[in-house]
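# Results of the structural survey
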Amino acid sequence: AFGVIADIQFADAEDGHDFGGCRRRYYRHSLRLLREAVRVWAGESPPIDFVLQLGDSIDGQNARRGEAESALQQVLEVLGQLSVPVHHAWGNHELYNFSRARLVHTGLYSRPAAGSDGPPDRECHAYHCSPAPRLRLVVLDSYDLSTLGADPGSVRYQESLRLLREKNPNDDLNSPAGLKEPHFVAFNGGFSQAQLDWFDEVLKFSDENQEKVIVTAHVPIHPSASNGVCLAWNYEAALAVIHSHRCVVCVLAGHLHDGAHCQDSHGVHHLTLEGVIETPPESNAFGTMYIYEDKMILKGRGRIPDRVMHF
């Protein structure tokens with residue numbers, strides 16, 4: 001069993017709205033909702049084995065307010081009350097607050113310090129681990145290709161900007177207006193070929209060892225688990241890797257605060273979790289996932305519905 005939560009986006013700020021100005025965001029209350037999630041997880045019986053934090057733990061406005069470090073500290077202190085590991089995906093809001101080089105030295109860097117658990121690039125926050133026999137967790141970095149958090153002089157930045165400008169001629173690179181492929185916006189990102197090659201090798205190992213694999217990333221990788229905009233740039237490439245193996249049973253993502261779910265043509269479940277940030281204070285948005293030989297059962301809290309996902 002494990003806990004799952006997405007898009008906390010904490011800031012010590014008054015309520016605001018999304019970029020469209022029509023959806024309320026409860027910045028300060030999100031920390032209280034996280035505390036409630038941690039309290040529930042700590043009391044689970046049988047106990048949970050780990051927690052997945054699916055990215056956007058703090059809001060981008062913390063950078064403008066000079067409060068990025070303190071906001072992150074408050075979130076990590078709450079999660080630190082748990083006696084189990086917390087696996088962090090990196091989202092766009094982490095990269096609004098910190099450079100990649102800085103994130104490596106924060107508590108959001110949950111990639112193991114030693115061994116060959118991830119790609120050669122240490123700034124790529126992708127890794128895998130086995131939290132239980134015949135079960136593997138793969139954390140992907142869906143901003144490995146991105147202009148966010150990257151040094152403008154770096155190859156990563158230059159390649160990402162070239163790809164983005166090729167697909168998005170808008171003055172505002174965060175605007176999907178008029179695009180044939182509306183997911184090519186700056187607040188999304190993608191996977192480098194090096195990360196995809198590494199991912200392929202991990203899944204090959206899991207196939208050979210008859211493991212079941214849960215994949216997680218901040219940005220959804222299936223159009224039916226998305227609104228068409230909140231989608232990884234090269235989602236097809238990530239899906240092609242998954243579909244060339246038998247082992248993946250579920251892909252968990254955040255980013256789209258409404259949440260979504262589909263089971264694709266290969267039987268893989270794609271679950272996008274509802275975001276804490278747009279959850280009213282009297283509700284919540286987290287869950288506990290129970291894994292069995294033939295299914296996963298999500299016990300949702302607040303606006304996250306219960307789900308049974310058979311494999």
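Higher on the page you've got the structure.
What comes next is a walk through the structure.

Conventions we followed
Residues numbered from 1 in each chain as written. Predicted model: local features only at pLDDT ≥ 70, side-chain atom pairs only at ≥ 80, totals over all residues. Heavy atoms only, no water. Helix = DSSP H or I, 4+ residues; strand = E, 2+ residues; numbered from the N terminus. Buried < 20%, exposed > 50% of the residue type's maximum accessible area, 1.4 Å probe, protein only. Phe/Tyr/Trp six-rings, centres within 6.5 Å; stacked < 30°, edge-to-face > 60°. 1 Å grid on protein atoms, 1.4 Å probe; cavity = no way out; pocket = protein on both sides within 12 Å on 5 of 7 lines; lining within 4 Å. Points joined across faces, edges and corners; volume = space filled by probe spheres on them. Nonpolar A, V, L, I, M, F, W, Y, C, P; charged D, E, K, R; others polar. Axes fitted to C-alpha atoms, helices over the stretch in contact; angles between N-to-C directions. Parallel < 35°, antiparallel > 145°, perpendicular 65-115°, else oblique. Left-handed = near helix turned anticlockwise from the far one by under 90°. Contact = heavy atoms within 4.5 Å.

### Considering unusual backbone geometry
Leaving glycine out, the prevailing phi sign among residues is negative, and the prevailing peptide bond configuration is trans. Here the residue pair Ser-45 and Pro-46 is connected by a cis peptide bond, since its omega of 0° sits within 30 degrees of zero. Checked against the element boundaries, Pro-46 lands in the loop between α1 (29-42) and β4 (50-53). Not every positive phi belongs to a glycine, and His-255 is a case in point at roughly 80°. You can see His-255 is positioned in the loop between β9 (248-253) and β10 (260-263). The buried category is assigned to His-255, whose relative accessible area is 7%.

### Points about the packing of aromatic side chains
Under the counting rule described, the total for this entry stands at four aromatic pairs. On the basis of an interplanar angle of 10° and a centroid distance of 4.7 Å, the ring pair of Phe-2 and Phe-50 is categorised as stacked. With a gap of 48 residues between them, Phe-2 in strand β1 (residues 2-5) and Phe-50 in strand β4 connect regions that are remote in the sequence. A residue is classified by how much of its surface remains accessible, and Phe-2, at 0% relative accessible area, is buried.

### Digging into the layout of surface pockets
Here the largest pocket defines a volume of roughly 510 Å³. Around the largest pocket, the lining is made up of 20 residues, and of these Asp-18, Phe-19, Arg-25, Phe-187 and Cys-230 lie nearest the centre. Among the elements that line the lining of the largest pocket, the one with the most residues is helix α4 (residues 92-97), at three residues. The computed volume of the second largest pocket comes to approximately 200 Å³. Along the lines of polarity and charge, the residues of the lining of the second largest pocket split into nine nonpolar, no polar and four charged.

### Details of the packing of helix α7 (residues 193-208) against helix α8 (residues 235-243)
Orientation of α7 relative to α8, taken along the N-to-C sense of each, is 20°, at an axis distance of 9 Å. One element, α7, and the other, α8, form an angle in the roughly parallel class. Note that α7 runs across α8; the crossing there is right-handed. The segment α7 lies against α8, with Leu-196, Phe-199, Asp-200 and Leu-203 engaging Ala-237, Ala-238, Val-241 and Ile-242.

As far as function goes, none of this settles anything; it's purely spatial.
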